[in-house]
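The chain contents come next:
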Amino acid sequence: MTDIEVYMEGGGRTASSRALLREGAEEFLGELRSAARSRGLELRIVCCGGRGEARADFVEARSEGRFAALLLVDSEKPVEGDPRTHLVTHDGWGDLEPASESEIHLMVQVMETWLVADPQALARHYGPAFRTDLLPADQDLETVEKETVLATLEEATAPTSEGRYHKIHHARRLLGLIDSERVQARCPHCKRLFEMLTALIEEAA
């Protein structure tokens, strides 16, 4: 194995907006990327736009077999079973059947769940007008519905000078600011992603 590529949902339709999200994701995974480089590997994030595009790009990359490929998409709903089974059952993505469970990863239930897992970082970014008290307080944030996460994040940011949260405009900066350990503590599937990437990197040592 020479490289690892994570095919991630998000970033919008344009190359420039996808590049912005990629930068944020690279910062979020910064320690893992540094660990990979210390072993002669590159850990790359490929932001693909929509969920379907991420799936298609992952399937194509996996078929080429030139590097370790992982898929990372929103679950959109509570996860039933392992991530691969969830996507095959609920999304009809039968072409993921040949992939191993370790290659399929989910942001549960949506990428913004990771953002609200670190309210301190959001408050530092948005300033004193940010309504931290409106964010879900659940320790396991993956039980909170996607609609609730998005609505509370928009409401919490509404009084700030930047205005309501906007995925394209704000996600890049926020991903680069949140603490990965805090996110893993409240989002088990994020912890699973970090553990799998760590294992892949260590295997190359």
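Everything below is about the structure shown above.
We now turn to the structure provided with this report. Every value quoted in this text rests on a predicted model; they were computed, and no experiment measured them.

Definitions and limits used
- Residues numbered from 1 in each chain as written.
- Predicted model: local features only at pLDDT ≥ 70, side-chain atom pairs only at ≥ 80, totals over all residues.
- Heavy atoms only, no water.
- Helix = DSSP H or I, 4+ residues; strand = E, 2+ residues; numbered from the N terminus.
- Rg over C-alpha atoms; globule rule 2.2 N^0.38 Å.
- Buried < 20%, exposed > 50% of the residue type's maximum accessible area, 1.4 Å probe, protein only.
- Contact = heavy atoms within 4.5 Å.
- Lys, Arg positive; Asp, Glu negative; His and termini not counted.
- Charge placed at Lys NZ, Arg CZ, Asp CG, Glu CD.
- Axes fitted to C-alpha atoms, helices over the stretch in contact; angles between N-to-C directions.
- Parallel < 35°, antiparallel > 145°, perpendicular 65-115°, else oblique.
- Left-handed = near helix turned anticlockwise from the far one by under 90°.
- Nonpolar A, V, L, I, M, F, W, Y, C, P; charged D, E, K, R; others polar.
- Polar contact = N/O pair within 3.5 Å; in protein donor to acceptor, adjacent residues only side chain to side chain.
- Phe/Tyr/Trp six-rings, centres within 6.5 Å; stacked < 30°, edge-to-face > 60°.
- Lys NZ or Arg CZ within 6 Å of the ring centre and 35° of its normal.
- Salt bridge = Lys/Arg side-chain N within 4 Å of Asp/Glu carboxyl O.
- Pairing = 2+ DSSP bridges.
- Core = buried A, V, L, I, M, F, W, Y, C linked by side-chain atoms within 4.5 Å.
- Right-handed = clockwise from strand over helix to strand, strands pointing away.

1. Let's talk about the overall build of the chain
Next, step 1: A count of helical and extended segments in the chain gives 10 helices and four strands.
Next, step 2: Counting from the amino terminus, the chain carries its helices and strands in the arrangement β-α-α-β-α-β-α-β-α-α-α-α-α-α.
Next, step 3: Expected size for 205 residues packed as a compact globule is a radius of gyration near 17 Å; at 17 Å, the chain falls within 12% of this value.
Next, step 4: Considering the chain as a whole, with its 205 residues, one finds that 49% of them fall into the buried category.
Next, step 5: Look at the contacts in the chain between residues 6 or more apart in sequence, and 72% of them connect residues 24 or more apart.
Next, step 6: Distance between charge centroids for the chain: 4 Å, based on 24 positive and 37 negative side chains.

2. Observations regarding the packing of helix α6 (residues 119-126) against helix α8 (residues 167-177)
Next, step 1: Close contact between α6 and α8 brings their axes to 9 Å; oriented N to C, the two are set at 125°. Relative to α8, the element α6 lies oblique. For α6 against α8, the interelement crossing comes out right-handed. Residues A121, L122, H125 and Y126 of α6 pack against H170, R173, L174 and L177 of α8.
Next, step 2: Looking at the contact of α6 with α8 residue by residue, the class counts come to five nonpolar, two polar and one charged.

3. Here we look at helix α4 (residues 83-91)
One turn of an α-helix holds 3.6 residues; hence residues three or four places apart share an orientation.
Next, step 1: Turning to α4, its buried residues are P83, R84, H86, L87 and V88.
Next, step 2: The inward-facing, buried residues of α4 contact α3 (51-64), β3 (68-74), β4 (104-107) and α10 (188-203).
Next, step 3: Taking the backbone nitrogen of R84 as reference, a side-chain oxygen 3.0 Å away marks D82 as the first, capping residue of α4.
Next, step 4: Just past α4, the residue G92 takes up positive phi, approximately 70°.

4. Let's talk about the packing of aromatic side chains
Next, step 1: Within the structure shown, the criterion is met by three aromatic pairs.
Next, step 2: Taken together, the ring pairs in this structure connect F28, W114 and F194 into an aromatic cluster.
Next, step 3: The ring centre of F67 lies 6.0 Å from the NZ or CZ of R44, which sits over that ring.

5. Some remarks on the pattern of salt bridges
Next, step 1: Across all of its chains, the model carries 19 salt bridges by this definition.
Next, step 2: Residue R44 pairs with E5 through a salt bridge whose shortest N-O separation is 2.7 Å. Linking R44 in strand β2 (residues 42-47) with E5 in strand β1 (residues 3-8), this pair joins segments that are 39 residues apart in sequence.
Next, step 3: Residues R66 and E64 are paired through a salt bridge, measuring 3.0 Å at the closest nitrogen-oxygen approach.
Next, step 4: Looking at E64, the relative accessible area reads 40%, which means it is partly exposed.
Next, step 5: Sharing partners across several salt bridges, the network here consists of E9, R51, E76, D91 and K146.

6. A few points about the sheet that holds β4
Next, step 1: Read from one edge to the other, the open sheet built from four strands follows the order β2-β1-β3-β4, with strand pairing classed as parallel. Looking at strand neighbours, the two that pair on one side only are β2 and β4, the edges of this open sheet. Pairwise comparison of adjacent strand axes, ignoring direction, gives a mean angle of 25° for this sheet.
Next, step 2: Bridge count between β3 and β4: four bridges; the pairing is parallel. In the strand pairing of β4, V73 is matched with L106.
Next, step 3: Where helix α1 (residues 15-28) meets the sheet, its contacts fall on β1 and β2, and the angle it forms with β2 comes to roughly 140°.

7. Quick notes on the nonpolar core
In a soluble, globular protein the nonpolar side chains are often hidden away together inside.
Next, step 1: Core analysis: the biggest nonpolar cluster contains 46 residues, and M8 and W114 have the highest contact counts within it.
Next, step 2: Tallying contributions element by element places α10 first for this core, with six residues.
Next, step 3: Excluding residues within four positions of it along the chain, M8 makes contact with L21, A25, I45, V46, C47, C48, G49, A54, L72, M107, M111 and L175.

8. Some thoughts on the pairing of β4
Next, step 1: Burial of β4 is two-sided: the residues I104 and L106 facing one way and the residues H105 and M107 facing the other way are all buried.
Next, step 2: Note that the unit made of β3, α4 and β4 has a crossover that is right-handed.

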